[in-house]
Amino acid sequence: MNPAGRPDVKPYDALLVLSFGGPERPEDVVPFLENVTRGRGIPRERLEQVGEHYFLFGGKSPINDQNRALIAALEKDFADQGIDLPVYFGNRNWEPYLADTLARMAADGVQRAAVFATSAYSSWSSCRQYRENLWDAVEQTEGAPRLDKLRQYYNHPGFVEPVVDACLAALADLPTNGEAAHLVFVTHSIPTEMAETSGAPPEAHAQPRGAYVKQHRSVVDEVADRVKAATGRSHRHDLVYCSRSGSPATPWLEPDVNDHLEGLASDGVSQVVMVPIGFVSDHMEVIYDLDTEAMATAERLGMRAVRAATAGTDPRFVAMVRDLLLERAATERGERPERPAIGSMPAGPDICGAGCCPNARGPRPALCGADS
């Protein structure tokens, strides 16, 4: 606390919410996908095929509105807690672009900002690529503020506890409170090589290699244990994947959620709860891959399926962002704050170590890392 009795956010004078971005209208869809896949040589025809997912929802991704709702919730939470700190919004792949936001922050006189990325787990695409984006944006922005990316938060109580409650609520929507339901935890698939190199090399003594899958399994086990404690019964559960893309010749994490549902049906499973544990809000991967495609698969198989909610603007998730900000601020002031984490893995580091989640295309500078 500062002398006025308010939470102390020094040395920060702003918070930046950093996200993936998404199209807001039909004419944005293909240009957005070109941004996402730049440098990968994917033909426009393939991008137009992928874009059909967005056109089913009017050509608009839900992600920007969800981030605006999160920012509004953060601003209210800050005000309620007596924290006078502006919250900015920047994206990797669409407006508001990160570089434009940094230019506005510089013009507003921001000197140092904490960065909250809407991606909870560790891998190149879910952590280091954001740090590379931050580096690039700072390099092209005159007078850019110093930026400190907050730690990964997959095992923070403010993320995990809303997942537990969402899982319990989904079970309650099934006959006999889902007594026979199978829990299907879903996250975004990534190339297996990226998954294997996620985390740090052994000499770094930090998050170990294979962190992406290990982190997810830790959270899956924690949620399943807490559901068992609340209901008094065990539910079979698995970790599966969605949203595979790229060349068919490149191995990605499996099984796909639809293939997994086929296997469960053949084993006689009649009820499933799909838990989008890899997403902080209802991204396109949730509303299309799960709510549309996987639900259609379940219906075809004669399975009763429900989908658990994401954290979104749950007050505990909003408070988690504040807690991560205050935790990092205290650390930067030389203090030793509590670092909440639940499950089998410890809280992650504030600063990623050398060689953490490497870029498969070769070394690139990244902000907030020992190898920057």
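Look above for the structure.
What comes next is a walk through the structure. Please read these numbers as outputs of a predicted model, since none were measured by experiment.

1. Here's the deal with the side chain of Arg-307
Looking at the element boundaries, Arg-307 is found in strand β8 (residues 304-307). A distance of 3.1 Å separates the side chain of Arg-307 from the side chain of Asp-282, its partner in a polar contact. Among the polar contacts listed, one links the side chain of Arg-307 to the side chain of Asp-291, at a separation of 2.8 Å. Filtering out sequence-adjacent residues up to four positions away, Arg-307 remains in contact with Ala-170, Met-274, Pro-276, Asp-282, Val-286, Leu-290, Asp-291 and Met-295.

2. Things to note about the sheet that holds strand β1 (residues 14-19)
Across the sheet, which stays open at both edges, the 4 strands sit in the order β2-β1-β3-β4 with parallel pairing between neighbours. The strands lining the two open edges of the sheet, one partner per strand, are β2 (87-91) and β4 (146-149). Here the average twist between neighbouring strands, direction ignored, is 30°. Bridge analysis of strand β3 (residues 112-117) against β4 gives 4 bridges, and the strand direction is parallel. Residue pairing for β4: Ala-114 is matched across the bridge by Asp-148. Sitting on the sheet, helix α3 (residues 63-81) touches β1, β2 and β3, and the angle it makes with β2 is about 160°. The sheet contacts of helix α5 (residues 124-139) involve β1, β3 and β4, and relative to β4 the element is tilted by about 175°.

3. A few points about the pattern of salt bridges
According to the stated counting rule, one finds 31 salt bridges in the structure shown. Two residues, Glu-24 and Arg-68, come together in a salt bridge whose shortest N-O distance is 2.6 Å. With Glu-24 in the loop between β1 and α1 (29-36) and Arg-68 in helix α3, this pair connects stretches of sequence that are 44 residues apart. Note on Glu-24: relative accessible area 26%, which makes it partly exposed. Where Glu-27 meets Arg-25, a salt bridge forms, and the shortest distance between an N and an O atom there is 3.5 Å. Take Glu-27: its relative accessible area is 51%, and that puts it in the exposed class. When salt bridges that share partners are traced, they join Arg-112, Arg-146, Asp-148, Arg-328 and Glu-332 into one network.

4. Re helix α9 (residues 257-266)
Taken together, the buried positions of α9 are occupied by Val-257, Asn-258, His-260, Leu-261 and Leu-264. Burial along α9 is one-sided: seen end-on, the buried residues are contained in an arc of 155°. Exposed residues on α9 whose side chains face more than 90 degrees from its buried face are Asp-259 and Ser-266. Residues of α9 that are buried make contact with β5 (182-188), β6 (237-242), β7 (271-275) and α10 (284-300). In this structure Asp-256 caps α9, since a side-chain oxygen of it lies 2.8 Å from the backbone nitrogen of Asn-258. Residue Gly-268 follows α9 closely and has a positive phi angle near 90°.

5. A few points about the packing of helix α4 (residues 98-107) against α5
Relative orientation of the contacting elements α4 and α5 amounts to 50°, with a least axis distance of 9 Å. It follows that α4 is oblique to α5 by the angle criterion. As for how α4 packs across α5, the hand of that crossing is right-handed. Contacts from Leu-98, Ala-99 and Leu-102 in α4 reach Asn-133, Leu-134, Ala-137 and Val-138 in α5. Tallied by class, residues from the contact of α4 with α5 come to 6 nonpolar, 1 polar and no charged.

6. Overview of the nonpolar core
Counting 60 residues, the largest nonpolar core has Leu-15, Phe-116, Tyr-153, Phe-159, Val-223, Val-273 and Phe-317 as the members making the most contacts within it. When residues of this core are assigned to their parent elements, the largest contribution, 8 residues, is made by helix α6 (residues 157-172). In this structure Phe-116 touches Leu-15, Leu-16, Val-17, Leu-18, Leu-70, Leu-150, Tyr-153, Phe-317, Met-320, Val-321 and Leu-324, once residues within four positions along its chain are discounted. Counting 17 residues, the second largest nonpolar core, distinct from the first, contains Val-184, Val-269, Met-274 and Leu-290.

7. Let's talk about the pairing of β5
For β5, the tally of buried residues reaches 6 of 7 residues, placing the bulk of the element in the interior. Where β5 meets β7, 4 bridges bridge the pair, whose relative direction is parallel. From the neighbouring strand, Val-184 faces β7, where its bridge partner is Met-274.

8. A closer look at the pairing of β1
Where burial is concerned, most of β1 is hidden: 6 out of the 6 residues are buried. Where β1 and β3 come together, 5 bridges link them in parallel fashion. Looking at β3, one finds that Leu-15 is bridged to Ala-114. Taken together, the 5 bridges between β1 and β2 define a ladder with parallel strand orientation. Bridging across to β2, Leu-15 finds its partner in Val-87.

9. Notes on the packing of aromatic side chains
Evaluation of the coordinates by the stated rule reveals 12 aromatic pairs. For the ring pair Phe-32 and Tyr-54, a centre distance of 5.9 Å and an interplane angle of 75° mean the geometry is edge-to-face. On the criterion of sequence distance, the pair formed by Phe-32 in helix α1 and Tyr-54 in helix α2 (residues 44-55) is long-range, its members being 22 residues apart. Residues Phe-32 and Tyr-54 agree in their burial class; the two are buried. Between Tyr-121 and Tyr-212, the aromatic rings sit 6.4 Å apart at their centres with planes inclined by 70°, giving edge-to-face as the arrangement. Placement of the pair is Tyr-121 in the loop between β3 and α5 and Tyr-212 in helix α8 (residues 211-231), with a sequence separation of 91 residues. Like Tyr-212, Tyr-121 is buried. If you follow Arg-92 out to its NZ or CZ, it ends over the ring of Tyr-130, 3.7 Å from the centre.

Cut-offs used in this document
- Residues numbered from 1 in each chain as written.
- Predicted model: local features only at pLDDT ≥ 70, side-chain atom pairs only at ≥ 80, totals over all residues.
- Heavy atoms only, no water.
- Helix = DSSP H or I, 4+ residues; strand = E, 2+ residues; numbered from the N terminus.
- Polar contact = N/O pair within 3.5 Å; in protein donor to acceptor, adjacent residues only side chain to side chain.
- Contact = heavy atoms within 4.5 Å.
- Pairing = 2+ DSSP bridges.
- Axes fitted to C-alpha atoms, helices over the stretch in contact; angles between N-to-C directions.
- Salt bridge = Lys/Arg side-chain N within 4 Å of Asp/Glu carboxyl O.
- Buried < 20%, exposed > 50% of the residue type's maximum accessible area, 1.4 Å probe, protein only.
- Arc of directions from axis to C-beta.
- Parallel < 35°, antiparallel > 145°, perpendicular 65-115°, else oblique.
- Left-handed = near helix turned anticlockwise from the far one by under 90°.
- Nonpolar A, V, L, I, M, F, W, Y, C, P; charged D, E, K, R; others polar.
- Core = buried A, V, L, I, M, F, W, Y, C linked by side-chain atoms within 4.5 Å.
- Phe/Tyr/Trp six-rings, centres within 6.5 Å; stacked < 30°, edge-to-face > 60°.
- Lys NZ or Arg CZ within 6 Å of the ring centre and 35° of its normal.

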